[in-house]
Amino acid sequence: MVNKDRPKEQAIGLDVGTSTVKAVTGDQKIIFPSVYCKRLVKSVWDEKYKAEGLVIEEIAHKAIEVAKHEDSILIRPIMEGQIRHSVAVKLVQEVYKRLDVKNPGDVILVTGLPYDVSVHDINNIEKLLTQTLGEARELVIYPQSFGTLIDVGLDSATIINIGHSTTGLLIVENLTVLGGGTEPKATDYIISQVRSHIIKNYGLISDPETVRDLIVCKEVKVGDTIVCNYINAISDGYTTVTREDVDSVTMDAINFLCEKIAHDVMEMHSHLPTMNLGCVQNIVLSGGLSKLQNPYNKEYIIKDTLEKELKRTLLWPEDALFSEANGFYKLALELMQGQG
Ligand SMILES: Nc1ncnc2c1ncn2[C@@H]1O[C@H](COP(=O)(O)OP(=O)(O)OP(=O)(O)O)[C@@H](O)[C@H]1O
Ligand SMILES: [Mg+2]
């Protein structure tokens, strides 16, 4: 059946991250965890799947559920912005399913890869996507953070994208990439500092996701999808660690991370021939962690700390979590209109 509301070509902006996959088409935004799980059913006592020896494969939220069973393997196919396992294409297949893509040949897909990726990697990813999804009408890959630049409507800026496992930096002047880099500290650095503190001082061994939820301390929801659950304490029934108990270690980790990012940005700027450039004057902050709020006064902690470090006001996309996917979607639309 032909969907009359939608033109035959479908523009999709895609941002496959270490923790979540984000995609935008029209006014639809989807997000789900970037995880895949495989499990071997060993017992007939499994209510749902009675056949012993059956192999179950799941992705996204269902994968997290399946991973609770014994004999399961949980794979995060994207690590530090790079494809580390070929099941990554299953995440893209899931995007197509959720966006109800009928014919991959109608899709104009725009996505991003890290600044420091090789031509070989780009070719391999293009090949992998084409082999598994079918040939798209157009597949265009930009450097990560370029989507955010387009989302905020600028031609020149330094973009800081604080993701889950990496902070991407990109310097663009008049839509030309002048430089960039990847800082291996991001959300998971703060999580690991707080998690170690809880283990050392309270003897509680908690999974990183629960620690992340304690740090964020509020429910983050996109449509029907919960990105972070609200919790204000972790407890094993005997020992309880509250958000207040980790305030100081959280702030120390945030200060260190922001100091490091600010240092990297200033270092990159110092290699430019002149400071009198749009990319030095405009600094854009994006990525999920940039939305972190102080749970008590609701101030944006990362943004405020980085602004102090960089001694200026930072620009901010309307939706810092989706800015990459949004910008890539805008670029896909431009390609689509160019075709028409
Ligand atoms: N409103 C929010 N407040 C605080 N943290 C948030 C918020 N929304 C998302 N996050 C967290 O920010 C982190 C980074 O999210 P993001 O989706 O940008 O990472 P990613 O793109 O998956 O990772 P990477 O870019 O490193 O591959 C995640 O741990 C996410 O849970
Ligand atoms: Mg990201």
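Computed from a prediction, not measured in an experiment: that's the story for all the values here.

Q: Please explain the overall build of the protein as it appears in this structure.
A: Helix and strand counts for the protein come out as ten helices and 18 strands. What you see for the protein is a C-alpha radius of gyration of 21 Å, in line with the 20 Å of a compact globule of 340 residues. Each principal axis of the C-alpha distribution contributes one length, and for the protein these read about 65 × 55 × 35 Å. With 340 residues in all, the protein has 38% of them scored as buried.

Q: Hey, could you run me through the environment of isoleucine 122 in this one?
A: On the secondary structure map, isoleucine 122 appears in helix H3 (residues 119-133). Residue isoleucine 122 is classed as exposed on the basis of its 12 C-beta neighbours within 10 Å.

Q: Could you clarify how one ought to interpret the sheet that holds strand S13 (residues 176-183) in this entry?
A: The strands making up a sheet associate through backbone hydrogen bonding, with each pair oriented either parallel or antiparallel. On the basis of which strands lie adjacent, the open sheet formed by four strands has the order S13-S12-S11-S18 and mixed pairing. Among the strands making up the open sheet, the edge pair consists of S13 and strand S18 (283-286). Ignoring strand direction, the axes of neighbouring strands in this sheet form an average angle of 15°. Bridging between strand S12 (residues 167-173) and S13 involves seven bridges; their strand directions are antiparallel. Of the residues in S13, the one forming a bridge with glycine 168 is threonine 182.

Q: Can you walk me through the sheet that holds strand S5 (residues 55-59) in this structure?
A: In spatial order, the strands read S5-S4-S6; together these three strands make up an open sheet with antiparallel pairing. Bordering the open sheet on either side are S5 and strand S6 (72-75), each of which pairs with just one other strand. Across the sheet, the mean angle separating the axes of adjacent strands is 15° when strand polarity is ignored. Relative to S5, strand S4 (residues 36-40) runs antiparallel, the two sharing five bridges. Within the sheet, the bridge partner assigned to cysteine 37 lies in S5 and is glutamate 58.

About the cut-offs
- Residues numbered from 1 in each chain as written.
- Chains lettered and ligands numbered in written order.
- Predicted model: local features only at pLDDT ≥ 70, side-chain atom pairs only at ≥ 80, totals over all residues.
- Helix = DSSP H or I, 4+ residues; strand = E, 2+ residues; numbered from the N terminus.
- Rg over C-alpha atoms; globule rule 2.2 N^0.38 Å.
- Buried ≥ 20, exposed ≤ 12 C-beta atoms within 10 Å, placed from the backbone.
- Pairing = 2+ DSSP bridges.
- Axes fitted to C-alpha atoms, helices over the stretch in contact; angles between N-to-C directions.

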